[in-house]
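Structural overview
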Amino acid sequence: MHTNLDRRHFLGLAGLGAGAAALAACGGPSTAGTADAVDTATIDFSGVKPAASIDFWTNHPGKSQDVEKAIIEKFHAKFPDIKVNLVTAGANYEEIAQKFQTSQAAKTGLPGLVVLSDVWWFRYYSNGSIIPIDSLVKQLDIKIDDFQKSLVDDYKYEDKQWALPYGRSTPLFYYNKDHFKAAGLPDRAPATWQEFAEWAPKLKATSGAQYAYIYPALAGYAGWTLQNNLWGWGGSWSKDWNITCDSPQSVAALQWAQDSIYKDGWAGVSSKEAADDFAAGITSSTISSTGSLLGVLKAAKFNVGVGFLPGGPEAPSGVCPTGGAGLGIPSGISKEEQLAAATFLKFMTEPENTAAFSAATGYMPTRLSADMTAVLAATPQIKTAMDQLTATRVQDNARVFLPGADQEMAKSAAKILTQQGDVQTTMTELKKTLEGIYTKDVKPKLKA
């Protein structure tokens, strides 16, 4: 497969950063280009006056509608000549993508600013649906160097900046402190999955919960969170553009996961939202987005603990993907609308507003200078997610750059974890499917 591409241009995003309200569905619209390709030469906005009104399309990741409204009200007070209309463009990232593609094809009704997730932004780029924002960054003096480097670099390709980070997250290991204490376990997340396998029978015996651990709902989450397991065993969905989901290491990781459900009997699979199952006491632990944190803390009637993701037998650390959504500007609107959108984008991502967004949701502060003192005083658990940023890893190309791959990964995970399908056979079939997607939809668009 194609491996000549400079990997630094593909700084993968990760995950959904969804939380209970923003579970990103998988799969998605066709990648057949509907927009004219964007000329990546610098777009000149000199002499352009911002439009009087733009729409902001969002799915309110992490139940963020109230804080989004509050930030928009502050923006209107500072920029009374630009009206921002808050539009609920979908319940999740896929619904926004479907709506965005429809509007792009019709060349009408496009937003000024749109939420785009890790598994969507690159296809927006490759379809010419969004503009590079470099000239706007320069004109509006957006302090790119003050963004968390790993988060802002996720949207760089061909030496251009295609979006700015918004609702950004990592998965966290959530555990019920009361259950752990009753089982005589340490008040911390397990260092490795092997350690947790030793703890799980004690939890099952003493907690009264249905499961010691519940795997996140497979739709939308499987491709993201299972990277933790794959990487811990030395496996992956892919290495660069080589699909490796059927490697001995990948198969061993998923076999272990299957065994935890059917052979060992201490794990289950969430049917809808693992964070809700955890908060309801159905399971003693789970993995879920930092975007679920505030909701879990509010809903749980027990002491909630959070920690880094467990390692595995081959990689005890550095096995956590980043995740979440960014904000991009469509190509199919006027320069006046693009400039108005960029003005709002700058405001939305100012340090004070990223801190407010983090306080309301549990997502990462995307700015280095954001004052998180009050946020961390109120919700100290957020610091665990911030600290875990240093131990994160770039997502596998197969998940974030192959359109529809997340859906295929979810189907395969379902065969393994809910239907007890043969792991090797399932992964061999998935490899063939992913290679087909790469050959048809991605390889022709790559620049060597």
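Above this text is the structure in question.
As the structure is a prediction and not an experimental result, all values here were calculated from the model. (Residues numbered from 1 in each chain as written. Predicted model: local features only at pLDDT ≥ 70, side-chain atom pairs only at ≥ 80, totals over all residues. Heavy atoms only, no water.)

Turning our attention to the overall build of the chain. The helix and strand inventory of the chain stands at 18 helices and 16 strands. Since a compact globule built from 448 residues should have a radius of gyration of about 22 Å, the 21 Å found for the chain is in line with a globular shape. If one aligns the C-alpha atoms of the chain with their principal axes, the spans along those axes are about 70 × 50 × 35 Å. In the chain, which comprises 448 residues, the proportion classed as buried is 60%. Partitioning the contacts of the chain with sequence separation of at least 6, the portion at a separation of at least 24 is 79%. Working note: accessible area of the chain is about 16,600 Å², and carbon and sulfur atoms make up 51% of it. Within the chain, the 45 negative side-chain charges are centred at a point lying 1 Å from the centre of the 41 positive side-chain charges. (Helix = DSSP H or I, 4+ residues; strand = E, 2+ residues; numbered from the N terminus. Rg over C-alpha atoms; globule rule 2.2 N^0.38 Å. Buried < 20%, exposed > 50% of the residue type's maximum accessible area, 1.4 Å probe, protein only. Contact = heavy atoms within 4.5 Å. Areas by Shrake-Rupley, 256 points an atom, 1.4 Å probe, with all protein chains shown as cover. Lys, Arg positive; Asp, Glu negative; His and termini not counted. Charge placed at Lys NZ, Arg CZ, Asp CG, Glu CD.)

Moving on: the environment of Thr-426. Mapping Thr-426 onto the fold places it in helix α18 (residues 423-442). Assessed through its relative accessible area of 5%, Thr-426 is described here as buried. In sequence terms Thr-426 and Ala-219 are 207 residues apart; their C-alpha atoms lie 17 Å from each other. Beyond its immediate sequence surroundings of up to four residues, Thr-426 is in contact with Ser-412, Lys-415, Ile-416 and Gly-421. A polar side-chain atom of Thr-426 sits 2.7 Å from the main-chain carbonyl oxygen of Asp-422. (Polar contact = N/O pair within 3.5 Å; in protein donor to acceptor, adjacent residues only side chain to side chain.)

Viewed as axis vectors pointing N to C, helix α8 (residues 218-232) and helix α17 (residues 405-417) meet at an angle of 90°, and their least axial separation amounts to 8 Å. By the angle between their directions, the pair α8 and α17 is classed as roughly perpendicular. For the pair α8 and α17, contact is made by Leu-218, Ala-219, Gly-220, Ala-222, Gly-223, Trp-224 and Leu-226 and by Asp-406, Met-409, Ala-410, Ala-413, Ala-414 and Leu-417, respectively. A breakdown of the residues in the contact of α8 with α17 according to their chemical character gives 10 nonpolar, two polar and one charged. (Axes fitted to C-alpha atoms, helices over the stretch in contact; angles between N-to-C directions. Parallel < 35°, antiparallel > 145°, perpendicular 65-115°, else oblique. Nonpolar A, V, L, I, M, F, W, Y, C, P; charged D, E, K, R; others polar.)

Take the side chain of Ser-412 next. Topologically, Ser-412 is positioned in helix α17. The class for Ser-412 is buried, based on a relative accessible area of 8%.

Attention now goes to the nonpolar core. Within soluble globular proteins, side chains that are nonpolar generally end up buried alongside one another. Among the nonpolar cores identified, the biggest contains 112 residues, and Phe-56, Phe-196, Ile-329, Leu-402 and Leu-434 are the most heavily contacted of them. If one sorts the elements of this core by residue count, helix α12 (residues 335-348) sits on top with eight residues. Residues in contact with Leu-402, not counting those within four places in the same chain, are Arg-123, Trp-241, Ile-243, Asn-397, Leu-434, Ile-437, Tyr-438 and Val-442. Within the second largest apolar cluster, 20 residues are counted, among which are Ala-279, Val-296, Val-306 and Leu-389. (Core = buried A, V, L, I, M, F, W, Y, C linked by side-chain atoms within 4.5 Å.)

Spanning 14 residues, helix α2 (residues 93-106) covers 20 Å between terminal C-alpha atoms, matching the ideal 20 Å at 1.5 Å per step. Among the residues making up α2, those that are buried are Tyr-93, Glu-94, Ile-96, Ala-97, Phe-100, Ser-103 and Gln-104. Among the structural elements, β1 (53-58), β3 (113-117), α3 (121-126) and β15 (323-328) are those in contact with the buried residues of α2. Looking at the residues trailing α2, positive phi occurs at Lys-107, about 55°. (Expected span 1.5 Å × (residues − 1).)

This paragraph deals with the pairing of β3. The buried fraction of β3 is high, at five of five residues. Residues Leu-113, Val-115 and Ser-117 line one face of β3 and the alternating positions Val-114 and Leu-116 line the opposite face, and both faces are buried. Looking at chain direction, β1 and β3 are connected through two bridges and run parallel. If you follow Phe-56 over to β3, its bridge partner there is Leu-113. Of the pairings in the sheet, the one linking β3 to β15 comprises four bridges and is antiparallel in character. Bridging across to β15, Val-115 finds its partner in Leu-327. (Pairing = 2+ DSSP bridges.)

Tracing the sequence through the fold places Glu-273 in the loop between β11 (267-269) and α10 (274-279). Lys-63 provides the closest opposite charge to the buried, salt-bridge-free Glu-273, at an N-O distance of 8.9 Å. A distance of 3.0 Å separates the side chain of Glu-273 from the backbone nitrogen of Ala-275, its partner in a polar contact. (Salt bridge = Lys/Arg side-chain N within 4 Å of Asp/Glu carboxyl O.)

If you walk across this open sheet you meet the five strands as β2-β1-β3-β15-β6, and the pairing is mixed. Strand pairing shows two members of the sheet lacking a second neighbour, β2 (83-88) and β6 (164-169), which therefore form its edges. For this sheet, the mean angle separating the axes of adjacent strands, direction not counted, is 25°. In this sheet, β15 lies alongside β6 in antiparallel orientation, the contact comprising four bridges. By the bridge assignment, Leu-164 is partnered in β15 with Leu-327. Against the sheet, helix α1 (residues 65-78) makes contact with β1, β2 and β6, and its axis sits at roughly 170° relative to β2, the strand it touches most. In the packing of α12 onto the sheet, the strands contacted are β1, β2, β3, β6 and β15, and the crossing angle to β1 comes to about 55°.

Moving on, we get to the packing of α17 against α18. Orientation of α17 relative to α18, taken along the N-to-C sense of each, is 170°, at an axis distance of 10 Å. By the angle between their axes, α17 is roughly antiparallel relative to α18. Taking contact as the criterion, the partners of Ala-405, Glu-408, Met-409, Ser-412, Lys-415 and Ile-416 in α17 are, on α18, Val-423, Thr-426, Met-427, Glu-429, Leu-430, Thr-433, Leu-434 and Ile-437. Tallied by class, residues from the contact of α17 with α18 come to eight nonpolar, three polar and three charged.

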